[in-house]
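Tertiary structure, described
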Amino acid sequence: MHRKNILGLFLLLSSFNCAVAQRNVGTFSVTPKVGVCFSSLTGSPSIDLLSVVYHDGEDSYLTSNGLELKVMTDFTAGVEVSYQLTSILDVSLGASYCRMGCGISGLSESEWSIDGYSFALDNAKYRMDYLNVPVMAGVYVWKGLAVRAGLQAGFCLTQSRDYEINTNAPSSSYSVTKNGYWYKERVFNDFNLSIPVGLSYEYKNVVAEVRHDFGLTNYITDEWNVSDKKKGRIHSTSVTIGYRFF
């Protein structure tokens, strides 16, 4: 029985090695990829929105506070360069563009009446354009299936607020400006560090991957209206598909 167990273990290891033996050790590959990114923010900070309505030489200020942050879905694209260390282990360096942020719901005091006309803020979002640079290691556990993890640096390129102002006032008489002139634009920190963890599957050079980024650094600056700034983290999940070139 002991010999049979040893023989069975040997056959299992041999079959596992054959399953991943198609990888050429010591080779490089390049994989461009595109997909979608689902991002969210922790820390539950409130977001102040501001608009200015100009009429007859006077300004009226519309202020609203977002009470709940929602998951935002957007686009991501990038490329990774991989090096095959062993038949089951590779390392990679990547660069990707990803738009992250949050939707804003539960707007309070978001309806006003000026001279009998109504004004309301709606469909609010906060967007951040990131250049992400991940360093990853992947272990192939079965044929083209790999478990991946590493460390990622994110650099915030742009930040923007976006929301709609719904009104029945005539545009010829009322001018509406979003984000009043004194309100600062950059309220997110410019650098984000995260731990990416994911699963990828490759078939005939086509690579599908699901990856989650666990935020490590705080995104909240002094512009946020939140008492505990240490809890502010960015989390995102991306689903991508790419093609590996050798």
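Residues numbered from 1 in each chain as written. Predicted model: local features only at pLDDT ≥ 70, side-chain atom pairs only at ≥ 80, totals over all residues. Heavy atoms only, no water.

1. Digging into the overall build of the protein
Regarding its fold elements, the protein presents one helix and 13 strands. Counting from the amino terminus, the protein carries its helices and strands in the arrangement α-β-β-β-β-β-β-β-β-β-β-β-β-β. Accessible surface, the protein: about 13,200 Å² in total, of which carbon and sulfur atoms supply 61%. (Helix = DSSP H or I, 4+ residues; strand = E, 2+ residues; numbered from the N terminus. Areas by Shrake-Rupley, 256 points an atom, 1.4 Å probe, with all protein chains shown as cover.)

2. Points about the state of the cysteines
According to the stated counting rule, one finds zero disulfides in the structure shown. With no disulfide of its own, Cys37 has Cys98 as its nearest cysteine by sulfur position, at a separation of 3.1 Å. The exposure class of Cys37 is buried, given its relative accessible area of 1%. (Disulfide = S-S within 2.5 Å. Buried < 20%, exposed > 50% of the residue type's maximum accessible area, 1.4 Å probe, protein only.)

3. Topic: the nonpolar core
With 27 residues, the main nonpolar core has Leu41, Phe119, Met128, Phe188 and Ile234 as its most contacted residues. Elements represented by at least two residues in this core include exactly β1 (28-41), β2 (47-55), β6 (89-105), β7 (111-114), β8 (117-142) and β9 (145-167). Looking at this core, the element that brings in the most residues is β8, giving six residues. (Core = buried A, V, L, I, M, F, W, Y, C linked by side-chain atoms within 4.5 Å.)

4. Quick notes on the side chain of Asp90
One can find Asp90 in strand β6. By relative accessible area, which is 0% here, Asp90 ends up buried. At a separation of 2.9 Å, a polar atom in the side chain of Asp90 contacts the side chain of Arg148. Excluding residues within four positions of it along the chain, Asp90 makes contact with Tyr83, Gln84, Leu85, Met136, Ala137, Gly138, Tyr140 and Arg148. (Polar contact = N/O pair within 3.5 Å; in protein donor to acceptor, adjacent residues only side chain to side chain. Contact = heavy atoms within 4.5 Å.)

5. A few points about the pattern of salt bridges
A side chain of one charge can pair with a side chain of the opposite charge if their charged atoms are brought near each other. Per the counting criterion, the structure on display carries seven salt bridges. As a salt-bridge pair, Glu202 and Arg244 come within 3.0 Å of each other at their nearest N and O atoms. In this pair, Glu202 sits in strand β11 (residues 191-203) while Arg244 sits in the segment after β13 (234-243), placing the two residues 42 residues apart along the sequence. Judged on exposure class, the residue Glu202 and its partner Arg244 are both buried. One network of salt bridges, in which partners are shared, links Lys33, Glu80, Glu209 and Arg211. (Salt bridge = Lys/Arg side-chain N within 4 Å of Asp/Glu carboxyl O.)

6. Brief notes about unusual backbone geometry
Even without being glycine, Asp115 reaches a positive phi, approximately 55°. With respect to the helices, strands and loops of the structure, Asp115 is situated in the loop between β7 and β8. A residue is classified by how much of its surface remains accessible, and Asp115, at 54% relative accessible area, is exposed.

7. Some words on a negative patch on the surface
Taken together, Asp56, Glu58, Asp59 and Asp115 make up a surface patch of like negative charges. Within the secondary structure, Asp59 sits in strand β3 (residues 58-66). (Patch = residues over 30% accessible without salt bridge, like charges linked within 9 Å, V, L, I, M, F, W, Y side chains within 5 Å. Lys, Arg positive; Asp, Glu negative; His and termini not counted. Charge placed at Lys NZ, Arg CZ, Asp CG, Glu CD.)

8. Some points on the packing of aromatic side chains
Summed over all chains, the structure comprises five aromatic pairs. Summarising the aromatic geometry, the rings of Tyr117 and Tyr174 are spaced 5.4 Å apart at their centres and angled 70° between planes, so their arrangement reads as edge-to-face. Linking Tyr117 in strand β8 with Tyr174 in the loop between β9 and β10 (175-178), this pair joins segments that are 57 residues apart in sequence. Take Tyr174: its relative accessible area is 8%, and that puts it in the buried class. Between Phe119 and Tyr174, the aromatic rings sit 6.2 Å apart at their centres with planes inclined by 55°, giving tilted as the arrangement. Note that Phe119 is positioned in strand β8 and Tyr174 in the loop between β9 and β10, a separation of 55 residues in sequence. Taken together through their ring pairs, the aromatic side chains of Tyr117, Phe119 and Tyr174 make up a single cluster. (Phe/Tyr/Trp six-rings, centres within 6.5 Å; stacked < 30°, edge-to-face > 60°.)

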